[in-house]
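# Notes for the structure review
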Amino acid sequence: MRRSRYLLNTLKETPKEAVVVSHQLMLRTGMIKQLASGIYTYMPFGLRAIRKVERIVREELDRAGCIELLMPSVQPAELWEESGRWKDYGKELLRIYDRKDNAFCYGPTHEEVVTDVVRREVRSYKELPLNLYQIQTKFRDEMRPRFGLMRGREFIMKDAYSFDVDDTACDASYWLMFDAYKRIFERCGLEFRPVEADSGAIGGSFTHEFHVLASSGEDQILSCNHCDYAANVERCEVVEPSPSSPETANEPIKVATPGQKTIEQVAEFLGVTAKDCVKTLLVKRDSDMLVLALRGDRTLNEAAVKAAFNLPVLEMVGEDEARALGLVPGYLAPMGLDPSLKVVVDPEVLAMTEAVVGANEEDRHVKGVCPAVHFDAHQVMTLREAEAGETCPRCREGILESWRGIEVGQVFKLGLKYSTSLGATYLDDQGKSQPMVMGCYGIGITRTVAAAIEQNHDENGIIWPAQIAPFHVALLNLDPEDEQVSAAADSIYSALGKRGVEVLHDDSTERPGFKFKDADLLGFPIQVVLGKRSLNQGLVDLKMRRTNEKRSIALAECVDAAVDALRELGWE
RNA sequence: CGGGGAGUAGCGCAGUCUGGUAGCGCACCUGCUUUGGGAGCAGGGGGUCGCAGGUUCAAAUCCUGUCUCCCCGACCA
């Protein structure tokens, strides 16, 4: 492809609406154009990257025995009423009405449709297992679309659905997909982690999220440096210490701490560390509240509290509200409170022997408290978030490392939810009707491209992994007016093409500096540079985008050299 | 949905307070010079000033309404 004949306009300046790198670079490289909030045109250069990811996904899923189909994007409301989600799904579901005022939605996902397909097609256990997938445009009417393709409303997703005879068979399908996902993201050339996740309200025994590691990721994940354990920080387990024995308890001493309310203030005032203090938090629950106690240096795991007490949102009790109930914010302690208040204590707190807590009165704290003895704990549960550096809760040998991640895929064991509500059944070898056990498996294709850029860029622009680069090579002709140079460029172009290398040939009349900057921005893994200055000595230049390594190579050898370099970068 | 901000040429912005011929940089077109890291000079094309009302001799500018976009929060496979 000749740059001069390609639709590709790059920008020197960054459009102001873009705040994350992938969005900025996608706009500057002209990969995407916004049409409405969260809705983008995939321009030719961007589409090539998307297609690369799709190709890898198809190859790996086909290899894993999945079968591709394509379902409608517009779906009738009746199906969603059958599954119960017409009313449960909420405003994210884009509901539309045809000329007869029949209700439809634009599909945000396809459990209903695929289950409908299978219940009509599959009769016998002999036809199972079955795993159907599609790559298709979805629409979710997000409250707040942002970050370009990272959280758009319209996006391209690969969704797969497995159907099995029983739970054991479903597990096998699940792990088959788990392995396929690992191969997919490896082949995309991305650093990633599969992490354990919460199966949520739908139930089911397990689910994993696949995260691309990038400092800008929205999720914090922890992974063991020794075993395979990795989890979202919201769900990461911790190794709990054993509680201290009552014999170690001393008599607590009340001390004056005028004006010292935060953990930091109290610790400094009393000459101890945050680890020696107990943090007491008040959380609203329906009509009453929960009293939560965790070590002063720890962070509350809000997701865990919400899940354990079935709270849709986590809301702290305000200072005025607390005072109205006779509590003293800043000087709270989970002891000596009204017995009707439910006190939940983190196990780590019960291991403390000489803790500092509030005195439940103004300007006073208490030292030397032994929580295992003195606290009124109604319940003990892990309230804190795990942190980097802790012992792995699974193998107990490794250490947890912290990463930021972008969720690009999820594998999920669905169970019987849709097969039951929609009646997807088969006859087993006894001739008995059984519901199929389902799994669902998503990959955000467009989000994966965005995540690839988040993970692979520098101050000059994108650095594409060779496997998903829109073009492998930028062929920069610095002297397009010169016949010899142009002839050499043309021959390199066609020779690379014959080797299966995709080349964007910059034959424009821009000045050299412009072409270099442009090629860096666009992120081609390799640049082949031709100008009369070096060609007069029979040389062309090869530049590696990621390392900035530059080599002068004889014209006759440059095609081989470029191909070799690409293979080293993981090109297949 | 709550809070904040912005809509003026493809992109980035000034002009709005204090009403009076719509501007600048980048990009685009022409010419000359330049040519190995986003060139210089000269000339040129392109704008219903988000939209709809209103005030006024006169509205990008003042008033009212409305739409859209962005940011923070809540939410989220």
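Everything in this summary refers to the structure shown in the same document. Counting from 1, residues in each chain are numbered in the order their sequence is written. As a convention, the first chain written is A and the first ligand written is 1, with the rest following in written order. In view of the model being predicted, local features appear only for residues whose pLDDT reaches at least 70, and side-chain atom pairs are presented and counted only at 80 or more, with totals across whole chains, interfaces and linings using the full set of residues. Remark: hydrogens and water are excluded; side-chain values derive from all non-hydrogen atoms of the structure.

### Observations concerning the side chain of Asn 301
Only DSSP runs of H or I reaching four residues or more are called helices, and only runs of E reaching two or more are called strands; each is numbered from the N terminus. On the secondary structure map, Asn 301 appears in the loop between strand S15 (288-295) and helix H8 (302-309). The cut-offs for exposure are 20% and 50% of the maximum accessible area for each residue type, with area from a 1.4 Å probe on protein chains only; residues under the lower value are buried, those over the upper are exposed, and the others partly exposed. Taking relative accessible area as the criterion, Asn 301 reaches 4% and is therefore assigned buried. Of note is the side chain of Asn 301, whose polar atom sits 2.9 Å from the backbone oxygen of Glu 234. What makes two residues a contact is simply this: any of their non-hydrogen atoms within 4.5 Å. Apart from the residues lying within four places of it in its own chain, the contact partners of Asn 301 are Val 233, Glu 234, Leu 383, Arg 384 and Glu 385. In the analysis that follows, any N or O atom pair within 3.5 Å is treated as a polar contact, provided that within protein one partner can donate a hydrogen and the other can accept it, and provided that, for residues neighboring in sequence, both atoms belong to side chains.

### Observations concerning the packing of helix H14 (residues 483-498) against helix H17 (residues 558-568)
Think of each axis as a best-fit line through the C-alpha atoms, taken over the contacting stretch in the case of a helix, with angles from 0 to 180 degrees between the N-to-C directions. Here H14 crosses H17 at 45°, and the two axes come no closer than 10 Å. Considered as vectors, H14 and H17 are oriented oblique to each other. In the packing of H14 onto H17, the handedness of the crossing is right-handed. Packed against H14, whose contacting residues are Ile 492, Ala 495 and Leu 496, the element H17 presents Cys 558, Val 559, Ala 562 and Val 563 at the interface. Residues are grouped as follows: Ala, Val, Leu, Ile, Met, Phe, Trp, Tyr, Cys and Pro are nonpolar; Asp, Glu, Lys and Arg are charged; all remaining types, including Gly, are polar. Each residue belonging to the contact of H14 with H17 can be placed in one class, and the counts come to seven nonpolar, no polar and no charged. Oblique is the label for every angle not falling under 35 degrees (roughly parallel), over 145 degrees (roughly antiparallel), or within 65 to 115 degrees (roughly perpendicular). Left-handed describes a crossing whose near helix is turned anticlockwise from the far helix by less than a right angle; the clockwise case is right-handed.

### As for the protein's contact with RNA strand B
Being near a molecule or strand, for a residue, means having at least one of its heavy atoms within 4 Å of it. Taken together, 40 residues sit near RNA strand B, with Arg 151, Gln 410, Arg 447, Phe 514 and Asp 520 positioned nearest. Across the atoms of RNA strand B situated within 4 Å of the protein, the share located in sugar and phosphate is 44%. Residue Lys 306 places a side-chain N or O atom 3.5 Å away from a phosphate oxygen belonging to RNA strand B. With respect to RNA strand B, the side chain of Arg 511 contributes an N or O atom lying 3.1 Å from a phosphate oxygen.

### Overview of the nonpolar core
One finds Met 31, Phe 45, Tyr 181, Ile 184 and Trp 464 to be the most contacted residues of the largest nonpolar core, which totals 63 residues. Counting 26 residues, the second largest nonpolar core, distinct from the first, contains Leu 496, Met 544, Ala 565 and Leu 566. By convention a nonpolar core is built from buried Ala, Val, Leu, Ile, Met, Phe, Trp, Tyr and Cys residues, the set being connected through side-chain atoms within 4.5 Å.

### Focus: the environment of Leu 476
Relative to the helices and strands, Leu 476 resides in strand S26 (residues 473-477). Residue Leu 476 is classed as buried on the basis of its relative accessible area, which comes to 2%.

### Description of helix H1 (residues 21-28)
Think of an α-helix as 3.6 residues a turn; residues three or four steps apart then line up on the same face. Burial of H1 is extensive: six of the eight residues sit out of reach of the surface. Taken together, the buried positions of H1 are Ser 22, His 23, Leu 25, Met 26, Leu 27 and Arg 28. Where H1 is buried, its residues meet strand S1 (32-36), strand S2 (39-42), helix H13 (445-455), strand S24 (457-458), strand S25 (461-462) and helix H15 (512-522). Immediately downstream of H1, the backbone of Gly 30 shows phi near 70°, a positive value.

### A closer look at the sheet that holds strand S13 (residues 253-256)
The pairing criterion is simple: DSSP has to find at least two bridges between the two strands. An order of S13-S18-S17 is seen for the three strands of this open sheet, with the pairing classed as antiparallel. Whereas interior strands pair on both sides, the edge strands pair on one side only; in this sheet they are S13 and strand S17 (355-358). This sheet shows a mean twist of 30° between the axes of neighbouring strands, independent of strand direction. Note that S17 and strand S18 (residues 364-369) share three bridges and pair antiparallel. Note on S18: the bridge partner recorded for Ala 355 is Val 369.

### As for the pairing of strand S16 (residues 342-345)
The pairing of S15 with S16 spans four bridges and is parallel. Residue pairing across strands places Leu 290 opposite Lys 342, the latter belonging to S16. As judged from the two bridges shared by S16 and strand S19 (residues 379-380), these two strands associate in the parallel manner. Its bridge partner being in S19, Val 344 is matched across the sheet by Gln 379.

### Side note on the environment of Ser 340
Within the secondary structure, Ser 340 is located in the loop between helix H9 (319-324) and S16. Placed 51 residues apart in sequence, Ser 340 and Met 289 show a C-alpha to C-alpha distance of 9.4 Å.

### Side note on H13
In terms of residue burial, H13 counts as a mostly covered element, since 10 of its 11 residues are buried. Residues Ile 445, Thr 446, Thr 448, Val 449, Ala 450, Ala 451, Ala 452, Ile 453, Glu 454 and Gln 455 constitute the buried set of H13.

### Topic: unusual backbone geometry
Residue Pro 129 follows Leu 128 across a cis peptide bond; omega there is 0°. Turning to its location among the elements, Pro 129 is positioned in the loop between helix H5 (111-121) and strand S7 (130-139). With a phi close to 60°, Asp 363 is a non-glycine residue in the positive phi region. Relative to the helices and strands, Asp 363 resides in the loop between S17 and S18.

### Here we look at the pairing of strand S8 (residues 154-164)
Across the 11 residues that make up S8, a large majority, 10, are buried. With 10 bridges connecting them, S7 and S8 associate as antiparallel partners. In the strand pairing of S8, Ile 135 is matched with Lys 158. Pairing between S8 and strand S23 (residues 437-444): eight bridges, direction antiparallel. If you follow Met 157 over to S23, its bridge partner there is Gly 444.

### Brief notes about the sheet that holds strand S5 (residues 94-97)
Taking strand neighbours across the sheet as the criterion, the three strands line up as S4-S6-S5 in an open arrangement whose pairing is antiparallel. Where the open sheet ends on each side, the last strands, each with one partner, are strand S4 (74-76) and S5. Each strand axis lies, on average, 40° off the axis of its neighbour in the sheet, ignoring direction. As paired strands, S4 and strand S6 (residues 103-106) are joined by three bridges and run antiparallel to one another. Residue pairing across strands places Val 74 opposite Tyr 106, the latter belonging to S6.

### Overview of the pattern of salt bridges
Salt bridges are counted wherever a side-chain nitrogen of Lys or Arg sits within 4 Å of a carboxyl oxygen of Asp or Glu. Applying the stated rule across the entire model yields 41 salt bridges. Asp 88 is paired through a salt bridge with Lys 87; the nearest N and O atoms lie 3.8 Å apart. Take Asp 88: its relative accessible area is 54%, and that puts it in the exposed class. Among the salt bridges present, the one from Lys 138 reaches Asp 159, with a minimum N-O distance of 2.8 Å. Of this pair, Lys 138 sits in strand S7 while Asp 159 sits in strand S8, and the two are 21 residues apart along the sequence. We classify Lys 138 as buried; its relative accessible area is 0%. According to the relative accessible area criterion, Asp 159 is buried, its value standing at 2%. What emerges from the salt-bridge pattern is a single network uniting Arg 55, Glu 59, Glu 60, Arg 63, Arg 183, Arg 187 and Glu 572.

### As for the state of the cysteines
Put simply, a disulfide is two cysteine sulfurs that come within 2.5 Å. Within this structure, the stated rule accounts for zero disulfides. Here Cys 370 stays free of any disulfide, with the sulfur of Cys 277 as its closest cysteine sulfur at 16 Å. For the unlinked cysteine Cys 395, the closest cysteine sulfur is that of Cys 227, found at 3.7 Å.

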